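What the coordinates show
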Amino acid sequence: MTVPSIPTIKRSGSRFYVHPTSAEKVPSVTSVCGMLPKKALQYWRGKLVAETAIEDFGVVADLISRGNPTAAIDHLKRAPDRSSGKAAQMGTDVHELCEILNRGEKLGRVHPDLAGFVDQYHKFLDAFQPRFIEVESTAWSETHGYAGTMDWIAEIGGEVVIGDLKTGASGIWPEIALQLEAYSRADYLIDPDGTQRPVPAVTGGCALHLRPDFYSLIPIRLGADVWDTYKALLKVSTWEHEV
């Protein structure tokens, strides 16, 4: 996701949006969804540390032999953060390029590492001909106390859908439904100057899985049960950060 136009702060590892006129601070939608257990992520982190211990055996052994086992441990335990940081930066760069295209603007020079993503995105645009209604707009819920920046709302095939772009190799995870549901249930969209606008009514959601060699547009079911689950996570978030 690109950097939101509404100010944000970090607190206890979570992102909070700051209202441009009232200065109210509310958790981001993605931070609330982060309250879900991530068993697969725990397995991935352990596996990556083990792989790094083998691949960087020389580095680890050298640090230990020089009497610095603490540095060796630090090198290994930070391996998942180094990996996810690179992937996150790649995702941010791709999002920024797609945002330019969604706004109907032309791209400049594209880095070779990102060219495959852009080519696949052009294929998506040509195949589905989306008419973008909102691009990187921030949704705010005063009723429930959260905010978040959606990738887009667009008309595709005669339906108005809320969409999210994912570039990770692991694909689309079910909690994206919670994310899209929360955006669609917000009280209003808000601009950097504090101007409030209605949230367009949507008939469904979708996720675009974008990789350098393929893309896949996946329907995402929204509904009352998804909304109830998000509100439960919101209570957990309040417990985590306030109670």
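The numbers attached to residues start from 1 for each chain and follow its sequence in the written order. Residues qualify for local features only when their pLDDT is at least 70, as the model is predicted, and side-chain atom pairs are given and counted only at 80 or more; totals for whole chains, interfaces and linings, by contrast, use all residues. Side-chain numbers here rest on the full set of heavy atoms in the structure, without hydrogens or water.

A separate point is the nonpolar core. We call a set of buried residues a nonpolar core when its members are Ala, Val, Leu, Ile, Met, Phe, Trp, Tyr or Cys and they connect through side-chain atoms within 4.5 Å of each other. Any residue under 20% of the maximum accessible area for its type is buried, any over 50% is exposed, and the rest in between are partly exposed; the area is computed with a 1.4 Å probe on protein chains only. Counting 24 residues, the largest nonpolar core has Val29, Tyr146, Met150 and Tyr230 as the members making the most contacts within it. Put simply, the parts of the chain that give this core at least two residues each are α1 (29-33), α7 (176-184) and α8 (224-241). Top element by residues in this core is α7. It accounts for 6 residues. Tyr121, Phe124, Phe132 and Cys206 belong to the second-largest nonpolar core, a separate cluster that totals 20 residues. Only DSSP runs of H or I with at least four residues qualify as helices, and only runs of E with at least two residues qualify as strands; both kinds are numbered from the N terminus onward.

A word on empty space enclosed by the protein. A pocket here means an open set of points on a 1 Å grid, computed over the protein atoms alone, that has protein on both sides within 12 Å along at least five of seven lines. A cavity is instead a set of points where a 1.4 Å probe fits but cannot get out; residues with an atom within 4 Å of a point line either one. Grid points are joined across faces, edges and corners, and a volume is the space filled by probe spheres set on the points. Evaluated as defined, the whole model comprises 2 cavities of 30 Å³ or more. As a volume, the largest cavity reaches approximately 50 Å³. Counting residues per element, the lining of the largest cavity draws most heavily on helix α5 (residues 79-102), at 4 residues.

Moving on, we come to the sheet that holds strand β2 (residues 14-18). Spatially, the 3 strands line up as an open sheet ordered β1-β2-β3, and their pairing is antiparallel. The open sheet has two edge strands with one neighbour each: β1 (8-11) and β3 (25-27). Averaged over neighbouring strand pairs, the angle between their axes works out to 35 degrees when direction is ignored. Paired strands, as defined in this entry, are two strands with at least two bridges between them according to DSSP. Pairing of β1 with β2, which is carried by 4 bridges, proceeds in the antiparallel orientation. Residue Thr8 lies in a different strand from β2, and its bridge partner there is Tyr17. Fitted lines through C-alpha atoms give the axes, limited to the stretch in contact for helices. The angle between two N-to-C directions lies from 0 to 180 degrees.

For helix α6 (residues 112-128), built from 17 residues, the straight-helix expectation of 24 Å at 1.5 Å per residue is met to within 8% by its first-to-last C-alpha distance of 25 Å. Of the positions making up α6, those classed as buried are Leu114, Gly116, Phe117, Val118, Gln120, Tyr121, Phe124 and Leu125. Two residues or fewer past α6, Gln129 is found with a positive phi of approximately 50 degrees. The span you would expect from a helix comes to 1.5 Å times its residue count less one.

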